[in-house]
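# Topology and contacts: notes
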Amino acid sequence: MGFLFNKVDRSDLRAGDHVYSWRAGYTYAHHGIYVGDNHVVHFTRGSDQELGVGASLINSFVSSSIPKQHLNCTNPIIYCGFQNGNNGVIRSCLDCFIDGGSVHRFEYGASKAVFFAQVRGGTCTIAQSDPPGAVIHRAGYLLQNGFANYDVISMNCEDFAIYCKTGYIVESHDSGSGQVAVLSAVRSAARYFLTSKYAYRFIFAADPVGLTFGTVVNFAIGRYKGDIGVRVDKIKVPVEYLAVCLESSVGTKPPVADSSTSEAISRDKSSINGTESLNSETPNS
């Protein structure tokens, strides 16, 4: 595992992997679940969903996460770009998902040493993954029924993939995303830097070592505390009850399946769960 990248060859991908692709010059990454047969299920903002607080501020910056390339997809895959209504969960071929970039595999069960070595957030977690069958079951169910109202800060593509892999959501409805945890850690470190009694010494170049060390440690602790694997406010929710759980926690029911697309859903469900080896596993929600 590298310090910045977990790049993987396509031939090494396995159904149930959490994958991501860097966007906008490695500024942020878009995440999804590889479900086999060159398919990725991922979460974006539905076209008719209202923007949340975080999304309204920076959605224009990360708009490449909202896939438009499906319109010109020449991949022979069936239903590339399938989306049930406008619930935000979409299935793409791998080429459309990475959008000209490379594919990377998010690591689960990382040691503390590896976690801290991965300076960039959104690349690994200390949390353990559930079996592939459970991961595929969640991804397929959410493709049909929706996940949540998309918000860059509190409910984003990485939160979707982490939920599919672990079954965890954050009870306070904060994001469990590693990328968001980094932003929070940077804010905490900056606050430490600006309010520290050593700040004036750094400014006058008298004793920068103590302040620099403290700021780095503060950043590392903040990022660690935000990891889904160590958070104490996470809860494990079966996918069939996720909508009810989210509705009770935020007061707004996530998008659900549109009955007018039931035939397409049936075909999609067959495609998603058609791999014999995956169907043989019992979901461990």
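Here is a short report on the structure shown in this document. Think of each chain on its own: its residues are numbered from 1, step by step along the sequence as written. Under the rules for a predicted model, residues below a pLDDT of 70 receive no local features and side-chain atom pairs below 80 are neither given nor counted, while totals for whole chains, interfaces and linings still include all residues. Side-chain measures here rest on the full set of heavy atoms in the structure, leaving out hydrogens and waters.

Let us now look at the sheet that holds strand β4 (residues 82-83). Either a parallel or an antiparallel arrangement is found when strands of a sheet pair, and the pairing is made through backbone hydrogen bonds. Taken in spatial order, the six strands make up an open sheet running β4-β5-β3-β2-β1-β6, and their pairing is antiparallel. Both outer strands of the open sheet, β4 and β6 (104-105), are each paired with one neighbouring strand and no more. Alignment of β4 against strand β5 (residues 89-93), held across two bridges, turns out to be antiparallel. Bridge pairing in β5 places F82 opposite R91. Set on the sheet, helix α4 (residues 132-145) makes contact with β2 (28-36), β3 (39-43), β4 and β5; between it and β2 the angle comes to about 105°. Strands in contact with helix α5 (residues 157-166) are β1 (18-23), β2, β3 and β5; relative to β2, the strand with the most contacts, it is inclined by about 35°. Two strands qualify as a pair provided DSSP detects at least 2 bridges between them. To qualify as a helix, a DSSP run of H or I must reach at least 4 residues; to qualify as a strand, a run of E must reach at least 2; elements of each kind are numbered from the N terminus. Contacts are residue-level and defined by heavy atoms, with any inter-residue pair within 4.5 Å sufficient. Fitted lines through C-alpha atoms give the axes, limited to the stretch in contact for helices. The angle between two N-to-C directions lies from 0 to 180 degrees.

Another aspect to go through is unusual backbone geometry. In this structure, D37 is a non-glycine residue whose phi angle is positive, near 55°. By the element assignment, D37 lies in the loop between β2 and β3. One non-glycine residue with positive phi stands out, namely D99, at about 50°. Its location among the elements puts D99 in the loop between α2 (94-98) and β6. Look at D99 and you get partly exposed, because its relative accessible area is 38%. The rule is simple: take the accessible area with a 1.4 Å probe, protein chains only, and divide by the maximum for that residue type; under 20% is buried, over 50% is exposed, in between is partly exposed.

The next thing to look at is the nonpolar core. Nonpolar side chains in soluble globular proteins tend to end up buried together. Within the largest apolar cluster, 26 residues are counted, with the highest numbers of intra-cluster contacts made by L142, F147, F160 and L242. Looking at this core, the elements with two or more residues in it are β2, β3, α4, α5 and α9 (242-250). Tallying contributions element by element places α4 first for this core, with five residues. Residues in contact with L242, not counting those within four places in the same chain, are L142, F147, Y163, I169 and V237. Residues grouped as a nonpolar core are buried Ala, Val, Leu, Ile, Met, Phe, Trp, Tyr and Cys residues, joined through side-chain atoms within 4.5 Å.

Running from N to C, α4 and α5 cross one another at 135°; their axes reach a closest spacing of 7 Å. In terms of their interaxial angle, α4 and α5 are classed as oblique. Taken together, the residues of α5 that come into contact with α4 (itself represented by A134, V135, R138, A139 and L142) are F160, Y163, C164, K165 and T166. In terms of residue class, the contact of α4 with α5 is built from seven nonpolar, one polar and two charged. Any angle from 65 to 115 degrees is called roughly perpendicular, while one under 35 is roughly parallel, one over 145 is roughly antiparallel, and all others are oblique. Following the grouping adopted for this structure description, the nonpolar residues are Ala, Val, Leu, Ile, Met, Phe, Trp, Tyr, Cys and Pro, the charged ones are Asp, Glu, Lys and Arg, and the polar ones are all others, Gly among them.

Below, the discussion takes up the pairing of β2. Within β2, nine of the nine residues are buried, which leaves it mostly tucked inside the rest of the structure. Sheet analysis places β1 next to β2, joined by six bridges and oriented antiparallel. By the bridge assignment for β2, V19 is matched with G32. What sits between the antiparallel neighbours β1 and β2 is a turn of four residues, in which A24 has the positive phi angle 50°. Of the strand pairs in this sheet, β2 and β3 are connected by four bridges, and their pairing is antiparallel. By the bridge assignment, G36 is partnered in β3 with H39. Between β2 and β3, which pair antiparallel and follow one another directly, the connecting turn spans two residues, one of which, D37, has a positive phi of 55°.

A few words on the environment of H104. Mapped onto the elements, H104 comes out in strand β6. A C-alpha to C-alpha distance of 9.2 Å links H104 and R10, two positions 94 residues apart in sequence.

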